[in-house]
Amino acid sequence: MGTPEAFYERIDTGRFRATEYTRGPWDPGSQHAGPPAALLGRAVEERPGAREDMRIARITYEILRPVPIGGLELTTSVLRAGRGTEVVEASLAPAGGAPVMLARALRIRVAAEPVPAVAPGPMLPPPGEVGVTPFFPVPWETGYHSAMETRFTEGAFVEPGPGTCWMRMKVPLVASEEVRPLDRVLIAADSGNGISAVMDFGRYVFINGDLTVHLHRHPVGEWACVEARTSVDAAGIGLADARLHDEKGPMGRSAQSLFVAPR
């Protein structure tokens, strides 16, 4: 039996099996943080009793340790429930193990009557106007790098400095389940430090221990774009800051705190 054409298989409620498509570029047994970030975001939205008149405005992830490829268990709990906002926490752990990734989401009630919309910034060149850009060399054939299509309008994975990259999922998040708009942006947002790498991948590590995504607008379309910049202090602490776009325009921001060190 081959690898399912998805990042995850659903075993039952709250239980999933990660496929090879979740594999990151550094360790053959560990996931890229993008797929589990999307899975946790989906858990927040589809938890029992979730209000349909609210949507995620901010979600913060704590990456406690590498997320292994294999069986995973998801749990959610409501930390605060109000008329206009709620805070929901989601936890991801290997089957029978301690949590490896946590998410805490702020959901805000959608206004019953439209309010004046304010344009947040200029449009980027659409992905159809630029060619496909390959990932940096990865020592295995199947992984996150092969499950995502990437198109740079600025920079490249192998060019140090700021980068702007359109990203599209080639396979669904969960096998035999519809891809949701939030899946598309959360699975891409954790790539900001790679898109805007300012150091040689072969000589330095710049690993993020967290990820925060703010969304002022619900994503639309198949593509998400990460317009990223990385700053690093001589003490070995960095920040990858990104503006997030879809084909309709800017929709939010993401930020990653970075541990930077020689290999």
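Refer to the structure above for everything that follows.
Quick caveat, the model's predicted, so the values are computed rather than measured. (Residues numbered from 1 in each chain as written. Predicted model: local features only at pLDDT ≥ 70, side-chain atom pairs only at ≥ 80, totals over all residues. Heavy atoms only, no water.)

Student: Help me out: how do you make sense of the overall build of the protein chain in this one?
Tutor: Along the backbone of the protein chain there are four helices and 13 strands. Overall, the protein chain is about 50 × 45 × 40 Å in size when its C-alpha atoms are taken along their principal axes. A total of about 12300 Å² of accessible surface is found on the protein chain, and carbon and sulfur atoms cover 55% of it. (Helix = DSSP H or I, 4+ residues; strand = E, 2+ residues; numbered from the N terminus. Areas by Shrake-Rupley, 256 points an atom, 1.4 Å probe, with all protein chains shown as cover.)

Student: Help me understand helix H1 (residues 34-46), please; the structure alone is not making it clear to me.
Tutor: Structurally, the α-helix is built with 3.6 residues per turn, so residues lying three or four positions apart point the same way. With 13 residues, H1 extends 19 Å between its outermost C-alpha atoms, agreeing within 8% with the 18 Å of an ideal straight helix rising 1.5 Å per residue. Along H1, eleven of the 13 residues are buried, which leaves the element largely enclosed by surrounding structure. Taken together, the buried positions of H1 are occupied by Gly 34, Pro 35, Pro 36, Ala 37, Ala 38, Leu 39, Leu 40, Gly 41, Arg 42, Ala 43 and Val 44. (Expected span 1.5 Å × (residues − 1). Buried < 20%, exposed > 50% of the residue type's maximum accessible area, 1.4 Å probe, protein only.)

Student: Whenever I open this one, the packing of aromatic side chains confuses me. Can you help?
Tutor: How two aromatic rings sit relative to each other is set out by the distance from centre to centre and by the angle between their planes. Using the criterion set out here, one finds three aromatic pairs in the structure. Arranged with centres 4.4 Å apart and planes meeting at 20°, the rings of Phe 135 and Phe 157 form a pair that is stacked. Remark: Phe 157 occurs in the loop between strand S7 (148-156) and strand S8 (159-169) and Phe 135 occurs in the loop between strand S6 (101-109) and helix H2 (144-147); sequence separation between them is 22 residues. Three or more aromatic residues link up through ring pairs in this structure, and these residues are Phe 135, Tyr 144, Phe 152 and Phe 157. (Phe/Tyr/Trp six-rings, centres within 6.5 Å; stacked < 30°, edge-to-face > 60°.)

Student: Mind showing me how you'd approach unusual backbone geometry here?
Tutor: Among all residues except glycine, the phi angle is most often negative; among peptide bonds, the trans geometry is most common. A positive phi angle, near 65°, is found at Ser 176, a position not held by glycine. Here Ser 176 lies in the loop between S8 and helix H3 (181-189).

Student: Explain the side chain of Thr 230 here, please?
Tutor: Position of Thr 230 among the secondary structure elements: in strand S11 (residues 223-232). Looking at Thr 230, its side chain comes within polar contact range of the side chain of Ser 196, at 2.6 Å. (Polar contact = N/O pair within 3.5 Å; in protein donor to acceptor, adjacent residues only side chain to side chain.)

Student: Sorry, what's going on with the pairing of S6 here?
Tutor: Each regular strand carries side chains that alternate between the two faces of the sheet. Here strand S3 (residues 54-63) pairs with S6 via nine bridges, running antiparallel. Opposite Glu 62, over in S6, you have Leu 102 as the bridge partner. With eight bridges connecting them, strand S5 (residues 85-94) and S6 associate as antiparallel partners. Within the sheet, the bridge partner assigned to Val 87 lies in S6 and is Leu 106. Where S5 folds back onto S6 in an antiparallel hairpin, the turn is made up of six residues, including Gly 96, whose phi is positive at roughly 75°. (Pairing = 2+ DSSP bridges.)

Student: Honestly, the packing of H1 against H3 in this entry has me stumped. Any pointers?
Tutor: Packed helices, taken two at a time, are described by their axes: the angle between them and the distance between them. Running from N to C, H1 and H3 point in directions that differ by 145°, and their axes come no closer than 7 Å. Crossing geometry of H1 relative to H3 is assigned as right-handed. Contact with H1, carried on its side by Gly 34, Pro 35, Ala 37, Ala 38, Gly 41, Arg 42 and Glu 45, involves Leu 182, Asp 183, Leu 186 and Ile 187 of H3 and no other residues of that element. (Axes fitted to C-alpha atoms, helices over the stretch in contact; angles between N-to-C directions. Left-handed = near helix turned anticlockwise from the far one by under 90°. Contact = heavy atoms within 4.5 Å.)

Student: Mind showing me how you'd approach H3 here?
Tutor: Burial runs high along H3: eight of the nine residues are buried. Regarding H3, the residues found buried are Leu 182, Asp 183, Arg 184, Val 185, Leu 186, Ile 187, Ala 188 and Ala 189.

Student: Explanation requested: the pattern of salt bridges in the structure shown.
Tutor: Pairing is possible between side chains that carry opposite charge, provided their charged atoms lie close to one another. Counted by the stated rule, this structure contains 18 salt bridges. Here Glu 9 and Arg 17 are joined by a salt bridge, their closest N and O atoms 3.7 Å apart. Assessed through its relative accessible area of 41%, Arg 17 is described here as partly exposed. Arg 42 serves as the salt-bridge partner of Glu 177, at 2.9 Å between the closest nitrogen and oxygen. Within this pair, whereas Glu 177 is found in the loop between S8 and H3, its partner Arg 42 is found in helix H1, the two being separated by 135 residues in sequence. Classification of Glu 177 as partly exposed rests on a relative accessible area of 25%. A relative accessible area of 3% places Arg 42 in the buried class. (Salt bridge = Lys/Arg side-chain N within 4 Å of Asp/Glu carboxyl O.)

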